[in-house]
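Structural overview for review
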Amino acid sequence: MDQTSTSAGKQYVTALFDSQTDANKAVERIVAEGIPREDVQMMAGQERTGDASTEPAHETGFLDKLKGFFMPDEDRQTYAEGLSRGGYLVALHTKPANHDRVVDILNDDGSVDTEARPDSPDQQRAMADRGSSHGNGGAIPIAQEELRVGKRETSGGQIRAKSHTVETPVEEDVTLRDETVSVDTQSVDRPASESKDDLFRERTIGAQEHHEEAVVDKTARVKEEVVIGKDVDHRTETVKDNVRHTEVEVDDDRAPSSPRKSTV
């Protein structure tokens, strides 16, 4: 599962892979989509020894390496833990127009769903040693947690519309006119009205045939449009959690006064 942060008009996408092969494949596909290779970063985690009983490397070193990556602190802790277990981190800046395609590639090539992965034992350490101290004294730290609420962008899927051309047979009747020239000889018997000179002079007569043929012309008109847009709503969500603080009880049993107890 990818994580996305927004900065300076660009979106910063990060994803964790268990396999170097899958991480390399995702990087090559992203570059093939037109993302400059120099905009894509990949960090290799702790090398695996093959011994299943070996504890994962401490993630403190990876936390330091991830300080230059633009991401919330909780994501940085999660990725450091994944790198300490031998994972591979892929991170890149991309334009919002390319964001969904990049996310699809990362998910298709096997990025880790970090939200579904259980916390490691290292993330469940005890806050302090509750044992007693005698002799020269000591110090008990008094700590208090503060709740900080941020936000990050996640992908909710997308809608795509693709057009293609469909041909439909149509027909229409049209009436066409055809002319036919015919030559006939008719029998007549009448006195000549012309003079002999006109009667026997050379003459030429003729008639032109005309035909009509169908001419096809097509014009295109836009009848409908498919429009994909976004409606943006804002909602207020109340985040509830528990914060802890340290309370220290001090027992003063010095003589001769009676034992006293106070809370700090």
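The numbering scheme is per chain: residues are counted from 1 as the chain's sequence reads. Reporting in this predicted model follows two pLDDT cut-offs: at least 70 for local features of residues, and 80 or more for side-chain atom pairs to be given and counted; totals over whole chains, interfaces and linings ignore these cut-offs and use all residues. Water and hydrogen atoms were dropped before computing side-chain values, which therefore reflect all heavy atoms in the structure.

**With respect to the overall build of the protein chain**
For clarity, the cut-off: A run of DSSP states H or I qualifies as a helix once it reaches four residues; a run of E qualifies as a strand once it reaches two. Both are numbered from the N-terminal end. Accessible area is worked out with a 1.4 Å probe on protein chains only. A residue is then buried under 20% of its type maximum, exposed over 50%, and partly exposed in between. The contact criterion used is simple: two residues touch if any of their non-hydrogen atoms lie within 4.5 Å.
Assigned secondary structure in the protein chain consists of 5 helices and 6 strands. In sequence order, the secondary structure elements of the protein chain are arranged as β-β-α-β-α-α-β-α-α-β-β. The proportion of buried residues among the 264 residues of the protein chain is 20%. Of the contacts made within the protein chain by residues no fewer than 6 positions apart, 73% connect residues no fewer than 24 positions apart.

**Section: the confidence of the model for the protein chain**
Going by this rule: A residue's pLDDT is the predictor's confidence in that residue, given on a scale from 0 to 100.
Here the protein chain averages 79 in pLDDT, and 78% of its residues register 70 or above. For the protein chain, the element scoring lowest by mean pLDDT is strand β1 (residues 3-7), at 59; helix α1 (residues 20-32) scores highest, at 91. A low-confidence stretch, residues 120-134 (pLDDT under 50), is modelled with 10 contacts involving residues beyond four sequence positions or located in other chains.

**Things to note about the nonpolar core**
Stated formally: In these notes, a set of buried Ala, Val, Leu, Ile, Met, Phe, Trp, Tyr and Cys residues joined through side-chain atoms within 4.5 Å is what counts as a nonpolar core.
Among the nonpolar cores identified, the biggest contains 15 residues, and Phe 17, Ile 30, Val 40, Val 90, Leu 92, Val 102 and Leu 106 are the most heavily contacted of them. Elements with a contribution of two residues or more to this core: β2 (10-17), α1, β4 (88-94) and α4 (96-108). Element by element, the count of residues in this core is highest for α1, at 4 residues. Among the nonpolar cores identified, the runner-up in size contains 13 residues, and Tyr 12, Leu 83, Leu 89 and Val 112 belong to it.

**Structural notes on the pattern of salt bridges**
We count it as follows: Each salt bridge in this description consists of a side-chain nitrogen of Lys or Arg and a carboxyl oxygen of Asp or Glu lying within 4 Å of one another.
If you walk through the whole model with that rule in mind, you get 9 salt bridges. A salt bridge links Glu 179 to Arg 177, with the shortest nitrogen-to-oxygen separation between them at 2.8 Å. Here the residues in one salt-bridge network are Lys 25, Arg 29 and Asp 109, joined through shared partners.

**Observations concerning the packing of α1 against α4**
Note the following rule: Angles here are taken between N-to-C directions and fall from 0 to 180 degrees, while the axes themselves are lines fitted to C-alpha atoms, restricted in helices to the stretch in contact. For this classification, under 35 degrees means roughly parallel, over 145 means roughly antiparallel, 65 to 115 means roughly perpendicular, and everything else is oblique. A crossing counts as left-handed when the near helix is turned anticlockwise from the far one by less than a right angle, and as right-handed when that turn is clockwise. Only Asp, Glu, Lys and Arg are considered charged, only Ala, Val, Leu, Ile, Met, Phe, Trp, Tyr, Cys and Pro nonpolar, and every remaining residue, Gly among them, polar.
Two numbers describe how α1 lies on α4: the axes approach to 9 Å, and their chain directions differ by 155°. Here α1 is positioned roughly antiparallel relative to α4, judged by the angle of their axes. Considering the relative orientation of α1 and α4, their crossing is right-handed. Along its contact with α1, which presents Ala 26, Arg 29 and Ile 30, the element α4 presents Arg 101, Val 102, Ile 105, Leu 106 and Asp 108. Among the residues making up the contact of α1 with α4, the classes are represented as 5 nonpolar, no polar and 3 charged.

**Focus on the pairing of β2**
Taken residue by residue, a regular strand's side chains alternate between the two faces of the sheet. Put simply, the test is: Pairing between strands is defined by DSSP: at least two bridges between them are needed.
Along β2, 7 of the 8 residues are buried, which leaves the element largely enclosed by surrounding structure. By the bridge criterion, 7 bridges tie β2 to β4 in an arrangement that is antiparallel. When the bridges of β4 are listed, Thr 14 appears paired with Ala 91.

**Notes on a negative patch on the surface**
Put simply, the rule is: Nonpolar side chains (Val, Leu, Ile, Met, Phe, Trp, Tyr) within 5 Å and like charges within 9 Å form the patches, drawn only from residues with over 30% relative accessible area and no salt bridge. Here the Shrake-Rupley method, with its probe set to 1.4 Å, supplies the accessible areas, and only the displayed protein chains count as covering residues. For this count, His and the chain ends are skipped, Lys and Arg are scored as positive, and Asp and Glu as negative. Throughout, a charge is located at the NZ atom of Lys, the CZ atom of Arg, the CG atom of Asp or the CD atom of Glu.
A surface patch of negative charge is lined by Glu 247, Glu 249, Asp 251 and Asp 253. Inspection of the secondary structure puts Glu 249 in strand β5 (residues 249-252).

**Re α4**
Stated precisely, the cut-off is as follows: In this scheme, a helix's expected span is set at 1.5 Å multiplied by one less than its residue total. Throughout, the arc means that of the directions going from the helix axis to the C-beta atoms.
Taking 1.5 Å as the rise per residue, α4 with 13 residues should run 18 Å; its terminal C-alpha atoms sit 19 Å apart, in good agreement. Listing the buried residues of α4 in full gives His 99, Val 102, Val 103, Ile 105 and Leu 106. Looking straight down α4, one finds that the buried residues subtend no more than 165° of arc, so they occupy a single side. Structural note: α4 exposes Ala 97 and Asp 108 on the side pointing more than 90 degrees away from its buried face.

**Let's talk about the side chain of Glu 179**
For clarity, the cut-off: Under this definition, polar contacts are N or O atom pairs within 3.5 Å; protein pairs additionally need one hydrogen-donor-capable and one acceptor-capable atom, and for neighbouring residues in sequence, both atoms have to be side-chain atoms.
Note on placement: Glu 179 falls in the loop between α4 and α5 (196-199). Only 2.8 Å separates the side chain of Glu 179 from the side chain of Arg 177, close enough to count as a polar contact. For Glu 179, the residues in contact, after removing those within four places along its chain, are Gln 208, Glu 209, His 210 and His 211.

**Here we look at the environment of Asp 241**
On the secondary structure map, Asp 241 appears in the loop between α5 and β5. Residue class for Asp 241 comes out exposed when judged on its relative accessible area of 56%. Put simply, Asp 241 and Leu 147 are 94 residues apart on the chain and 7.9 Å apart in space, counted from C-alpha to C-alpha.

**Things to note about helix α3 (residues 73-84)**
Helix length check: α3, at 12 residues, gives a terminal C-alpha distance of 17 Å against a target of 16 Å (1.5 Å per residue), a fit within 8%. Restricting attention to buried positions, one finds in α3 the residues Asp 75, Arg 76, Tyr 79, Ala 80, Glu 81, Gly 82, Leu 83 and Ser 84.

**With respect to a nonpolar patch on the surface**
On the surface, Leu 147, Val 149, Val 239 and Val 243 cluster together to form a nonpolar patch covering roughly 340 Å² of accessible area. Structurally, Leu 147 can be placed in the loop between α4 and α5.

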